[in-house]
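Geometric and topological summary
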Amino acid sequence: MKFVKFFFVGIFFGIILTKSEAVSWYRIYEMFKFQSFHMYGIIGSAVLMSVCGIFLIKKFKLKSIAGRAIVVPSKEKSFTRYILGGTIFGLGWALAGACPGPMFILLGAGIYPILIVILAAMAGTFVYGLIRHKLPH
Amino acid sequence: MDFLLKPWPWFVSGPLIAIVLLLLLYFGTTFGMSSNLRTLCTISGAGKYSDFFKFDWKAQRWNLTIVLGAILGGFIATHFLSDGTTIKLNPETISDLALMNFTQVGDTLLPNEIYGWEAVLSLKGMSILLIGGFLVGFGSRYAGGCTSGHAISGLSNLQLPSLIAVIGFFIGGLLMTHFILPLLF
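Only a predicted model underlies this, so the values are computations on that prediction, with no experimental measurement involved. (Residues numbered from 1 in each chain as written. Chains lettered and ligands numbered in written order. Predicted model: local features only at pLDDT ≥ 70, side-chain atom pairs only at ≥ 80, totals over all residues. Heavy atoms only, no water.)

Once that is clear, we can look at the overall build of chain A. Within chain A one finds six helices and zero strands. Sequence-ordered secondary structure for chain A, helices as α and strands as β, is α-α-α-α-α-α. With the C-alpha coordinates of chain A rotated into their principal frame, the extents come out at 45 × 40 × 40 Å. Looking at chain A as a whole, 61% of its 137 residues qualify as buried. Restricting to contacts in chain A with at least 6 residues of sequence separation, those with at least 24 account for 41%. Entry remark: accessible area of chain A is about 5800 Å², with carbon and sulfur atoms responsible for 72%. (Helix = DSSP H or I, 4+ residues; strand = E, 2+ residues; numbered from the N terminus. Buried < 20%, exposed > 50% of the residue type's maximum accessible area, 1.4 Å probe, protein only. Contact = heavy atoms within 4.5 Å. Areas by Shrake-Rupley, 256 points an atom, 1.4 Å probe, with all protein chains shown as cover.)

Encoded structure:
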């Protein structure tokens, strides 16, 4: 039962990303062509509102549903892994037009070829796990 | 209720995504979708090959539940919350894509030239999906997050690493869109 709330958040997330067209290959293409404000508006307003939310959480030391302090984990400090990993991710994002959330949402939307992308993304994750010690982080 | 069936503008969708993120914080978790790919690898037995996949995947069941919900959300949105409105892309985008021989641009969520069965079952189309997916999976784990983990969660928490990752997303995305896609189509 404790997972029900996550299931509903997932449904909500899937509906938002579909209705906002953020799951569309075309919208990603248009974003990287700087031909529309749409995607920038979505990400920008999501970040702006979340910045305010997280600020309030920290200021008022708000508690989670389980009564624990809400901590937003910090990312480990580095440059190489973020710029290289980010660039590799960006190449794939603009090619397949789908990132790890929308992949699954598109499956629900009935785009079955996306399964190939999901399996390939698992393969990419797997290969990273195999060779990560040899990569500069 | 008509507005629900139309595409939602950015100023509705963006704040709703923020609510998703804040809800997940309130639930004592974080917002990050690419972690699920690692969890799925672990469930498939990847722990036999790398310690990277040796972790208690059951602790990630909440996130997999979000994935299940997201799949259902995609189904609900396309079947019950859509009036079939085409995507209102910039006319320039449409003509740029027409130059690459894309047709019916914006009529469906995804282009037939990449996701239509005819394309998918060709060597080129299959390669695009395989390579694209592979890069997304590899890159997101290397960078330690994707659009949700870095561009939304990380930036919202004012994390410099996330800003570097997002700059990387754009370097890769711009290279692909401006230089590689025109070679492919």
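Counting 96 residues, the largest nonpolar core has Trp25 of chain A together with Phe31 and Tyr115 of chain B as the members making the most contacts within it. Ranked by the residues each element gives to this core, the list is headed by helix H4 (residues 80–96) of chain A, at eight residues. (Core = buried A, V, L, I, M, F, W, Y, C linked by side-chain atoms within 4.5 Å.)

Residues and elements named next belong to chain A. All chains considered together, the criterion is met by six salt bridges over all chains. Among the ionic pairs, arginine 27 bridges to glutamate 21, the shortest N-O distance being 2.7 Å. Residue glutamate 21 is classed as buried on the basis of its relative accessible area of 6%. A salt bridge links arginine 27 to glutamate 30; its shortest N-O distance comes to 2.7 Å. With arginine 27 and glutamate 30 both in helix H2 (residues 25–32) and three residues apart, the pair spans about one turn of that helix. (Salt bridge = Lys/Arg side-chain N within 4 Å of Asp/Glu carboxyl O.)

Before going further, it helps to spend a moment on the confidence of the model for chain B. Confidence in the prediction for chain B averages 96 pLDDT; 100% of positions are at 70 or higher. Model confidence for the complex is summarised by a pTM of 0.96, with the ipTM given as 0.96. (pLDDT = per-residue confidence, 0-100.)

With respect to the helices and strands, the residue serine 34 of chain B is situated in the loop between helix H2 (10–26) and helix H3 (35–43). Here serine 34 of chain B is in contact with Pro100 of chain A together with Ser140, Arg141, Gly145 and Cys146 of chain B, once residues within four sequence places are set aside.

Our focus in this paragraph is the interface of chain A and chain B. Taken together, the contact between chain A and chain B spans 107 residues of the former and 128 residues of the latter. Of the roughly 10500 Å² buried between chain A and chain B, counting both surfaces, carbon and sulfur atoms make up 79%. It is Lys19, Tyr26 and Leu95 of chain A that lose the most area in chain A upon contact with chain B, and together they represent 9% of the buried surface on that side. Taken together, the links from chain A to chain B amount to one salt bridge. (Buried area = accessible area lost by both parts, 1.4 Å probe.)

For glutamate 21 of chain A, which is not a glycine, the phi torsion comes out positive at approximately 65°. By the element assignment, glutamate 21 of chain A lies in the loop between helix H1 (4–19) and H2. Backbone geometry at glutamine 104 of chain B places phi at a positive 50°, although glycine is not the residue there. Mapping glutamine 104 of chain B onto the fold places it in the loop between helix H5 (91–99) and helix H6 (112–115).

What follows deals with the packing of helix H5 (residues 100–108) of chain A against helix H6 (residues 114–131) of chain A. All names here are of chain A. Interaxial distance between H5 and H6 falls to 9 Å at its minimum, and their mutual angle equals 150°. As judged from the angle between their axes, H5 and H6 are roughly antiparallel. Every pair of crossing elements has a handedness; the one defined by H5 and H6 is left-handed. Here H5 contributes Met103, Phe104, Leu106 and Leu107 to the contact with H6, which in turn contributes Ile114, Leu115, Val117, Ile118 and Ala121. Counted by class, the contact of H5 with H6 contains nine nonpolar, no polar and no charged residues. (Axes fitted to C-alpha atoms, helices over the stretch in contact; angles between N-to-C directions. Parallel < 35°, antiparallel > 145°, perpendicular 65-115°, else oblique. Left-handed = near helix turned anticlockwise from the far one by under 90°. Nonpolar A, V, L, I, M, F, W, Y, C, P; charged D, E, K, R; others polar.)

Quick look at H2 of chain B now. All names here are of chain B. Across its 17 residues, H2 extends 24 Å between first and last C-alpha, which sits within 8% of the 24 Å expected from 1.5 Å per residue. The set of residues buried in H2 consists of Ser13, Gly14, Leu16, Ile17, Ala18, Val20, Leu21, Leu24 and Leu25. Where H2 ends, the next residue or the one after it, glycine 28, has phi of about 85°, a positive value. (Expected span 1.5 Å × (residues − 1).)

Next up on the list: the packing of aromatic side chains. Counted according to the given criterion, the structure contains 27 aromatic pairs over all chains. Considering the side-chain rings of tryptophan 10 of chain B and phenylalanine 11 of chain B, the 5.5 Å spacing of their centres and the 85° angle between planes classify their relative orientation as edge-to-face. Classification of tryptophan 10 of chain B by relative accessible area gives partly exposed; the value is 30%. Given a relative accessible area of 52%, phenylalanine 11 of chain B falls into the exposed group. Each residue in the set Phe126 and Tyr128 of chain A together with Tyr49, Phe52, Phe53, Phe134, Phe138 and Tyr142 of chain B is aromatic and connected to the rest through ring pairs, giving one cluster. (Phe/Tyr/Trp six-rings, centres within 6.5 Å; stacked < 30°, edge-to-face > 60°.)

On to the environment of glutamate 30 of chain A, then. Judged by relative accessible area, which is 2%, glutamate 30 of chain A ranks as buried. Remark: the alpha-carbon pair of glutamate 30 of chain A and alanine 94 of chain A, spanning 64 residues in sequence, is separated by 9.9 Å. Ignoring sequence-local partners within four residues, the contact set of glutamate 30 of chain A consists of Gln35 and Ser36 of chain A together with Leu89, Asn90 and Thr93 of chain B. In terms of polar contacts, glutamate 30 of chain A uses its side chain to reach the side chain of arginine 27 of chain A, at 2.7 Å. (Polar contact = N/O pair within 3.5 Å; in protein donor to acceptor, adjacent residues only side chain to side chain.)

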